[in-house]
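Observations on the three-dimensional arrangement
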Amino acid sequence: MKKAIHYIQLLIIFLIATTTFAQQNSSYQKSKATKKPLARTVNVSDIKNDYKFNIQYLEMPSPCSGSYKTYLRKLKEEMPAKKYSNNSPKANRTIDAPNVLTDFEGNIFNGHIPNDNDIAISNNGIIVSVINSVIYFFNSDSMINNAVSLKAFASDSIHTEGKFDPRIIYDPTADRFILTFLNGFDDKTSCLFLAFSQTNDPTGNWNIYTLQGNPLSDSSWSDFPMIAITENELFYTINLLRNTKPGENWKNTFKQTIIWQIDKSTGYKGDSLKLTFYHDIEFEATNIRNLCPVQGGSYPTTPNMYFLSNRNFSLECDSIFVVEITGELNNAQTKLNISLSLSDSNYGVPPLADQPINRKFETNDARILDSYIENNEIHFVGNSINFYNNFASIYHGIISNLSTTKNVHLNIVKHPYLEFGYPSIAYTGSNSNDEAIILTNHSSDTINPGISTFFYKNKSYSEIKRIKEGETRVTLQSQAEQRWGDYTGLQRKYNENIVWGCGYYGKLRNSTPRRVNGTWIFALQSPSFSTTEQKPQSELKTISFPNPASNFFYLEFENNKKQILDFYLYDINGKIQKHFMRERIKIGKNALSFDVSPLKNGVYFLIAKNNDEVVLKERIVIQK
């Protein structure tokens, strides 16, 4: 017994020493707090005659320098060959996949390379969806404003270079939206556009600020933004790159990742923006790259913010960096802590993913792409290799014991024939439940690129559910390798147990180019949440029109037995809007109709129940 106690004591001392060692071998610099004046205000509804004119380099580089891309390609060429087999081991799936509540096309302008999908939804159901160069506004699947180009939104005659890498986030604390995107590909033209909506209506006024893309004046430019919020602040990470010189090593082109810490309230008011930034963030004299800010799962956290990083260009590695900013920018005691943890499984740079007919998808590196914190645990996802069959895949990691040892459990998704890329993750639990929905792009040598999801709960995973099947392979670029998008979007609707997401699929058009990358938008719900979207045990044959409906809705159905039915109208969130009637229904053809004028635009479900059995389910779109 004494030996056991002594062993435990030595183990605790070792763990504490390890944490201290990590802190002692790390460093950072912090700029002085400053203010950035408002650049301009723009009203989205006032933007007219937006031709969405866009010139794009079809061989646009990945989110890294050209030399890094060359290095990464050589690295992928050295990987072992893929093992094509249907005998990949499968876990025992004990939980259901997420419910798909609604889905629709989100990108009517095609051909953006890549899409860079991101999405945000407000508590009152307004959706802002962004892709490279265009912003969309929806209420459910109804567009509520003309799409607006990033160029027109910027309303800027100074920074006129290409606009790219949009990110959007909804702030439930202030009931506002925050949008950012980048401008320019060198140290002379690079800048960050940062916009705050003045109200909860994203089609109204926005306050726009521009931040320097070369804040250290060291010949660098900004790339690959990531954003997250606490109750009072916005955290914004950006990679600083330098253009490659002839014969230069790829490692020298990445300079560092910096963190902007910004007071949100000044942005919403249109006052001079209060901010500071952290730079030269190092561990063992090496800059930590691609810092992913950790968003609150069920609600924004306060006041500290975590960030995650890894060794994203390693063929196989277990290193996870955890960075923490401990307070708000106006607090003199705020500091930045850095620690290194080792995961219980390895991740690694993914190979190129297959498309049909010898086309490939770029998968970039193994950086952490999305994360959230809930119940004192951090969940995170990113691209990886599946070490079992050498396919492109994704990982899901969990960091526990944040205040002490920061234990990291990591799981790589295994599938016998699908390849995955660019995942995102959102918390879907309540009352301290450990559950999440994970979103990912999918593809294979025989399956067109589409979008999939699966459900995580208490260390178990559901089977993959394919939300959107691709209509075609993608051939926008001249070479075999195509861009797959640098990220997908997924956000919890804070006042409902629903997440909204957007991803990438192969879209077939009748005009040139024919095979392009499309965007698909959808609402997902945890399978542990009882919903009207559960599949009925039996369904009546129906004919409905008009759908979308603007005045009256009419439906014919054929009843196959005598039964008493209750007719309900549910909204997309599973709430009963109206119990129409309880009626004994005759065998044979029947018809019903109702006036939709009392309803707001959106998606609804007409449900008929025989006691608890759902026998009729009809999706209705109201568009007036």
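One structure accompanies this document, and this report is about it. Every value quoted in this text rests on a predicted model; they were computed, and no experiment measured them. (Residues numbered from 1 in each chain as written. Predicted model: local features only at pLDDT ≥ 70, side-chain atom pairs only at ≥ 80, totals over all residues. Heavy atoms only, no water.)

**Points about the overall build of the protein**
- In terms of helices and strands, the protein carries four helices and 44 strands.
- When each of the 624 residues of the protein is scored for burial, the buried share is 59%.
- Split by element, the accessible area of the protein, about 25800 Å² in all, is 48% carbon and sulfur. (Helix = DSSP H or I, 4+ residues; strand = E, 2+ residues; numbered from the N terminus. Buried < 20%, exposed > 50% of the residue type's maximum accessible area, 1.4 Å probe, protein only. Areas by Shrake-Rupley, 256 points an atom, 1.4 Å probe, with all protein chains shown as cover.)

**Details of the nonpolar core**
- In this structure, Tyr 306, Leu 308, Tyr 347, Ile 378, Phe 380, Tyr 395 and Ile 399 are the most contacted members of the largest nonpolar core, which totals 30 residues.
- Residue assignment for this core shows that the elements contributing at least two residues are β13 (221–229), β20 (305–310), β21 (317–325), β25 (368–374), β26 (377–386), β27 (391–400) and β28 (407–412).
- Ile 135, Phe 153, Trp 206 and Ile 208 belong to the second largest nonpolar core, which has 24 residues in total. (Core = buried A, V, L, I, M, F, W, Y, C linked by side-chain atoms within 4.5 Å.)

**Brief notes about the sheet that holds strand β23 (residues 353–355)**
- Taken together, three strands build an open sheet; the order of strands is β23-β24-β34 and the sheet is mixed. Of all the strands in the sheet, just β23 and β34 (481–482) have a single pairing partner and so form its edges.
- The pairing of β23 with strand β24 (residues 359–361) spans three bridges and is classified as antiparallel. The residue of β24 that forms the bridge with Gln 355 is Arg 359. (Pairing = 2+ DSSP bridges.)

**Description of the packing of aromatic side chains**
- Under the counting rule described, the total for this entry stands at 32 aromatic pairs.
- Considering the side-chain rings of Phe 153 and Phe 181, the 6.3 Å spacing of their centres and the 70° angle between planes classify their relative orientation as edge-to-face. Residue Phe 153 is found in helix α3 (residues 150–154), and its partner Phe 181 is found in strand β10 (residues 176–183); the two are separated by 28 residues along the sequence.
- For the ring pair Phe 235 and Phe 307, a centre distance of 5.9 Å and an interplane angle of 70° mean the geometry is edge-to-face. A residue pair is termed long-range when its members are at least 10 positions apart, and Phe 235 in strand β14 (residues 233–241) and Phe 307 in strand β20 qualify at 72 residues. Residues Phe 235 and Phe 307 agree in their burial class; the two are buried. (Phe/Tyr/Trp six-rings, centres within 6.5 Å; stacked < 30°, edge-to-face > 60°.)

**Digging into unusual backbone geometry**
- Cis geometry marks the peptide bond from Thr 302 to Pro 303; its omega dihedral reads -10°.
- Here the bond from Asn 547 into Pro 548 is cis, since omega is 15°, no more than 30 degrees from zero.
- Relative to the elements of secondary structure, Pro 548 occurs in the loop between β38 (541–545) and β39 (552–559).
- A positive phi angle is found at Glu 284, which is not glycine, with a value near 50°.
- Here Glu 284 lies in the loop between β16 (273–283) and β17 (286–287).
- Residues other than glycine seldom take positive phi values, yet Asn 390 does so here, at roughly 65°.
- The residue Asn 390 is located in the loop between β26 and β27 in this model.

**A closer look at the side chain of Thr 488**
- With respect to the element layout, Thr 488 can be found in the loop between β34 and β35 (489–493).
- The buried category is assigned to Thr 488, whose relative accessible area is 6%.
- Here the side chain of Thr 488 touches Tyr 422 through a polar contact of 2.9 Å, landing on its backbone oxygen.
- Within the structure, Thr 488 has its side chain in polar contact with the side chain of Ser 424 (distance 2.9 Å).
- Contacts of Thr 488, omitting those with residues within four sequence positions, involve Asn 117, Asp 118, Tyr 422, Pro 423, Ser 424, Leu 439, Asn 441, Cys 502 and Gly 503. (Polar contact = N/O pair within 3.5 Å; in protein donor to acceptor, adjacent residues only side chain to side chain. Contact = heavy atoms within 4.5 Å.)

**Focus on the sheet that holds β38**
- Strand order in the open sheet made by the three strands is β38-β39-β42, with antiparallel pairing throughout. In the strand order of this sheet, the two ends are held by β38 and β42 (588–595), each with one partner. On average, each strand axis in the sheet is inclined to that of its neighbour by 15°, with strand direction left out of account. (Axes fitted to C-alpha atoms, helices over the stretch in contact; angles between N-to-C directions.)

**Quick look at the pattern of salt bridges**
- Within this structure, the stated rule accounts for 14 salt bridges.
- Of the charged contacts in the structure, one is a salt bridge between Asp 354 and Lys 82, with a shortest N-O distance of 3.3 Å. Here Asp 354, found in strand β23, pairs with Lys 82, found in the loop between α2 (66–77) and β4 (99–105); they are 272 residues apart in sequence, far enough to count as distant.
- Among the charged side chains, a network of salt bridges with common partners joins Lys 82, Asp 354, Lys 360 and Glu 419. (Salt bridge = Lys/Arg side-chain N within 4 Å of Asp/Glu carboxyl O.)

**Details of the environment of Gly 501**
- Along the chain, the position of Gly 501 falls in strand β36 (residues 498–508).
- A sequence separation of 383 residues divides Gly 501 from Asp 118, and the C-alpha atoms of the two residues are 7.8 Å apart.
- Dropping the residues within four chain positions of it, Gly 501 is found in contact with Ile 119, Leu 439, Gly 489, Leu 490, Trp 520, Ile 521 and Phe 522.

**Examining the environment of Leu 38**
- Along the chain, the position of Leu 38 falls in the loop between β2 (34–36) and β3 (40–43).
- As for Leu 38 and Leu 273, which are separated by 235 residues in sequence, their C-alpha atoms are 7.2 Å apart.
- Contacts of Leu 38, omitting those with residues within four sequence positions, involve Asn 207, Ile 208, Tyr 209 and Gly 270.

**With respect to the pairing of β35**
- Counting buried positions over the five residues of β35 gives five, a clear majority of the element.
- Side chains Gly 489, Gln 491 and Lys 493 of β35 all project onto a buried face; the interleaved residues Leu 490 and Arg 492 project onto the opposite face, where all are buried too.
- Bridge analysis of β35 against β36 gives five bridges, and the strand direction is antiparallel. Bridge assignment links Leu 490 to a residue of β36, and that residue is Gly 501.
- Where β35 hands over to β36, the hairpin turn is made up of four residues, counted between the paired strands.

**A few points about the pairing of strand β6 (residues 126–131)**
- The buried fraction of β6 is high, at six of six residues.
- Burial of the side chains of β6 extends over both faces: Ile 126, Val 128 and Val 130 are buried on one face and Ile 127, Ser 129 and Ile 131 on the other.
- In this sheet, β6 lies alongside strand β5 (residues 118–121) in antiparallel orientation, the contact comprising four bridges. If you follow Ile 119 over to β6, its bridge partner there is Ser 129.
- Taking the residues that link successive antiparallel strands as the turn, the β5-β6 hairpin has four residues, and the phi of Gly 125 there is positive, at about 90°.
- Linking β6 to strand β7 (residues 134–139), which pair antiparallel, is a turn of two residues; within it Ser 133 sits at a positive phi near 90°.

**Comments concerning the environment of Gly 470**
- Mapped onto the elements, Gly 470 comes out in the loop between β33 (465–468) and β34.
- Given the relative accessible area of 17%, Gly 470 is considered buried.
- If we skip the residues at most four places from it in the chain, Gly 470 touches Asn 448, Pro 449, Gly 450 and Gly 506.

From the geometry alone we can't say anything about function, so treat these as descriptive.
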